[in-house]
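The primary structure of each chain is shown beneath.
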Amino acid sequence: MAKHKNKKRGQVHQGGGKANRPEKRDRYQVSAQVVPPSPPTVPWPRAKESTKAREAYRFLNPYNFVRYLPPPDIPETDPDAQLLGRCPPPPHDRYVGLTGRITCSLEVVTPLFISDSHDVQVTNVLLSDGREVQHKRYRFFQYDGQDAIPATSLRGMIRALFETVTNSPFSVFNGEERLEYRIDPIEAKRFKPGIVLSLPDGDQPGVIALCEEAKIGAYHEDDYLNVLHGDWRCGEAAYAVLRTTKNGVKKVEALAREQDKKRLLKHNKPLVKGWVKITGRTIETKRNERFFYFKEGDSAKAKHVSFDTEREADFNAVLHAQLHERRDDFHRQVQSERLMPGNLVYVELEPDQKTVRNIALAKVARLRYRHAIGDLLPEHLKPSEEYERLDIASRVFGWVRATPAEDRKARIAYAGRVRFSHAVLTEDKGVYAEPMPLAVLASPKPTTTLFYLRKKDGELSEAERTQPGVVTTIGYDGPNQLSGRKFYRHHGNSLNRLEYERAGQRRDHQNRTVRGVRVPGNVFQFTIDFHNLAPVELGALLWTLSLGEEKCFFRLGYAKPLGFGSVKLEVEQVELLDPIARYRSLQTSGWRRALPTERSKWIAAFAEAMKRCYGKPLCELPNIIDLMTLLRDPVPPLPIHYPRTNVHPDPEGKNFEWFVANKVKSNKSANAGRNLELPGNEKGLQLLQKLAE
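Residues numbered from 1 in each chain as written. Predicted model: local features only at pLDDT ≥ 70, side-chain atom pairs only at ≥ 80, totals over all residues. Heavy atoms only, no water.

1. So, the sheet that holds strand 11 (residues 192–198)
Move 1: Judged by pairing direction, the sheet is antiparallel, and its five strands sit side by side in the order 18-12-11-19-20 without closing on themselves. Since the sheet does not close on itself, it has two edges, and those belong to strand 18 (304–307) and strand 20 (356–360), each with one partner. Within this sheet the neighbouring strands show an average axis-to-axis angle of 45°, counted without direction.
Move 2: Relative to strand 20, strand 19 (residues 344–349) runs antiparallel, the two sharing four bridges. Among the inter-strand pairings, Val 347 is bridged to a residue of strand 20, identified as Ile 359.
Move 3: Where helix 4 (residues 309–325) meets the sheet, it contacts strand 18, strand 19 and strand 20, and its direction lies at approximately 25° from that of strand 20. (Pairing = 2+ DSSP bridges. Helix = DSSP H or I, 4+ residues; strand = E, 2+ residues; numbered from the N terminus. Axes fitted to C-alpha atoms, helices over the stretch in contact; angles between N-to-C directions. Contact = heavy atoms within 4.5 Å.)

The following block contains the structure:
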């Protein structure tokens, strides 16, 4: 079999000899003995300070969502449209479609950084609270001793776009996960104190005895008002002297353990036996803990309510997460690592007032949604589970069944029909001179339901955003759907060092320092080898790769929320392999360059098939409109950064305070929580202060 030149360094490919284009082969071949010259260096741009007053300041969130389409309406007699749905994939052992190679150039538009797992530098940093943490410095990815872009990064970027364009299922999706939420404080009055008497066992439900509760002064600035002193632990038995305020609130006047209860006799009041309930100072304004007791001093006389294994499992899941997230002293607030008899809890009852709806550790409860994330995703967008019914993205890029198959002989994987090379540097415009300590980057927060969810019909009204209990209305248990596919927007002229450099150049365990960041103007080149693609499939791939012609910028690499990683992609050429010509002669390679008319024909076949399936021209479909909006220069040209409370970034990176304020419910619609507007309709978000609590 003859060989064909590959742009990827050191690799040979089917199709023509390596001697066919020696000048291009040498262009990427680097001897292992040659030390590449150092790239030129460029200074970082200066930060741009905002001149807007706080009240007038508006900003765009770094990400928004691209809407997905309904299921395609596929004509039964339309073979091209059939390929946009689910169908069996073609074989790999024979030529039944188009085979060839796409050569692409990639130009850096905003700072680009691809992390390398080698040569990671670690520095120990001492924090102000005495903790020693590690700060890490990463270099740009290298291949054969030179900066390059790994094939996996290119593949992931292009597959995500291909899935969006073709309305394919979410290939990376944890649909089984059930998220948690915290109720609004105004709803806490629904939760009643109780003590677990027994757990569910077989057909027998668990039982909780409802209690009374009284406040124990614990965190007042005036220590005279604090009754809870010393090393009390949650669940400890105690005796208390109670008093009732003018408002009818029960308060603990004095508290003692069993061995010290005699000192309470001086109060000349009845002693009440009960337990100390400690949940910790979760907010700065908290002043009290609680004392649980039975009104008549006997659990047998208290009201008993029942709960099942699902409620037990939900409580344990939330507790497990808290044990891994909370401070070291959280053990004082937890009686056991699982729900056990004797645990002090809060319960929300069903309307029958006999059955437990939720069990919580604290009165302002942290609970699990009943529905998983996947329950809100339409069936046609869930990953393929059958080999004979693969979507177009799975057939082109590859597929692995997400759930175990009962039949051991069932096919559970399919190799993709596209193969990416690393992108090698062809025009070296240099790197930024100094390492950059980046701003804090957090993990996705799908519990921010005002951003991640939309109503199935219409938008959330102001009234809906201000009602008590709105957390379930706008959450995963409400009449909602996922907002769409998450994309980080192109920053364009809004790119600002003020946003991507850590305030005060602070370096700790929360952020990373990157070195060798590529400056705009660098050009890379890579190839995509394709095999057995149908014309409509190749057209879909070429249309996706040609988004650059629509003034769109692809998003690649690390720190995309901060504005890094905008690149311009261009298809330089498409080559085809004619297997019949190749195998008929030893002198003919069978390779030829595809004509512009052929490329246009494939792209048109895909666009027309999409129109027949979804009823509108491709560029008028909501998913394409949203995608192009986010990948073009931002409109309006506002600052782009994560929501925060002030015009200037906080060195601590406390972005959560904005989200806390955004969850606040108010009778004033102006103070109601805000959701993300559709791309193209955005007017900008406001700065919110934690004081809105």
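Now that the structure has been shown, the text picks up again.
2. A look at the state of the cysteines
Move 1: Taken as a whole and judged by the stated rule, the model has zero disulfides.
Move 2: Of all cysteine sulfurs, the one in Cys 234 lies closest to Cys 211, which takes part in no disulfide; the gap is 12 Å.
Move 3: Judged by its relative accessible area of 8%, Cys 211 falls in the buried class.
Move 4: Given a relative accessible area of 7%, Cys 234 falls into the buried group. (Disulfide = S-S within 2.5 Å. Buried < 20%, exposed > 50% of the residue type's maximum accessible area, 1.4 Å probe, protein only.)

3. Thoughts on the pairing of strand 7 (residues 132–139)
Move 1: The sheet contact formed by strand 6 (residues 121–126) and strand 7 spans six bridges and is antiparallel. Along strand 7, the bridge assignment pairs Val 122 with Lys 136.
Move 2: Of the pairings in the sheet, the one linking strand 7 to strand 31 (residues 512–515) comprises four bridges and is parallel in character. Among the inter-strand pairings, Arg 139 is bridged to a residue of strand 31, identified as Arg 515.

4. Points about the pairing of strand 32 (residues 523–533)
On a regular strand, each side chain points to the face opposite its neighbour's, so the side chains alternate between the two faces of the sheet.
Move 1: Summarising burial for strand 32: 10 of the 11 residues are buried, a large majority.
Move 2: Sheet topology places strand 5 (residues 98–108) next to strand 32; nine bridges connect them, and they run antiparallel. Directly across from Gly 100, in strand 32, lies its bridge partner Phe 530.
Move 3: Across three bridges, the pairing between strand 24 (residues 418–420) and strand 32 is antiparallel. Within strand 32, the position partnered with Val 418 by the bridge is Phe 530.
Move 4: Sheet topology places strand 25 (residues 423–427) next to strand 32; three bridges connect them, and they run antiparallel. Across the sheet, the residue bridging to Glu 427 is Val 523, located in strand 32.

5. Quick word on the nonpolar core
Move 1: If you look at the biggest cluster of nonpolar residues, it comprises 84 residues, and the most contacted ones within it are Ile 102 and Phe 526.
Move 2: If you look at the next biggest cluster of nonpolar residues, it comprises 42 residues, including Ala 302, Leu 376, Leu 381 and Val 647. (Core = buried A, V, L, I, M, F, W, Y, C linked by side-chain atoms within 4.5 Å.)

6. Observations concerning helix 3 (residues 151–166)
Move 1: In a regular helix each residue adds 1.5 Å, so 16 residues correspond to 22 Å; helix 3 covers 22 Å between its end C-alpha atoms and thus fits that length.
Move 2: Those residues of helix 3 that sit buried are Ala 151, Leu 154, Met 157, Ile 158, Arg 159, Leu 161, Phe 162, Glu 163, Thr 164, Val 165 and Thr 166. (Expected span 1.5 Å × (residues − 1).)

7. Overview of the side chain of Ser 394
Move 1: Mapped onto the fold, Ser 394 is located in helix 5 (residues 392–397).
Move 2: When its relative accessible area of 5% is taken as the criterion, Ser 394 is described as buried.
Move 3: Side-chain polar atoms of Ser 394 contact the side chain of Asp 391, separated by 2.8 Å. (Polar contact = N/O pair within 3.5 Å; in protein donor to acceptor, adjacent residues only side chain to side chain.)

8. A word on the packing of aromatic side chains
Move 1: Per the stated rule, a full pass over the model turns up 29 aromatic pairs.
Move 2: With 6.3 Å between their ring centres and 20° between their planes, Trp 44 and Phe 564 make a pair best called stacked. Highlighted residues: Trp 44 in the loop between strand 3 (41–42) and strand 4 (63–66) and Phe 564 in the loop between strand 33 (554–555) and strand 34 (566–577), separated in sequence by 520 residues.
Move 3: Classification of Trp 44 by relative accessible area gives buried; the value is 10%. (Phe/Tyr/Trp six-rings, centres within 6.5 Å; stacked < 30°, edge-to-face > 60°.)

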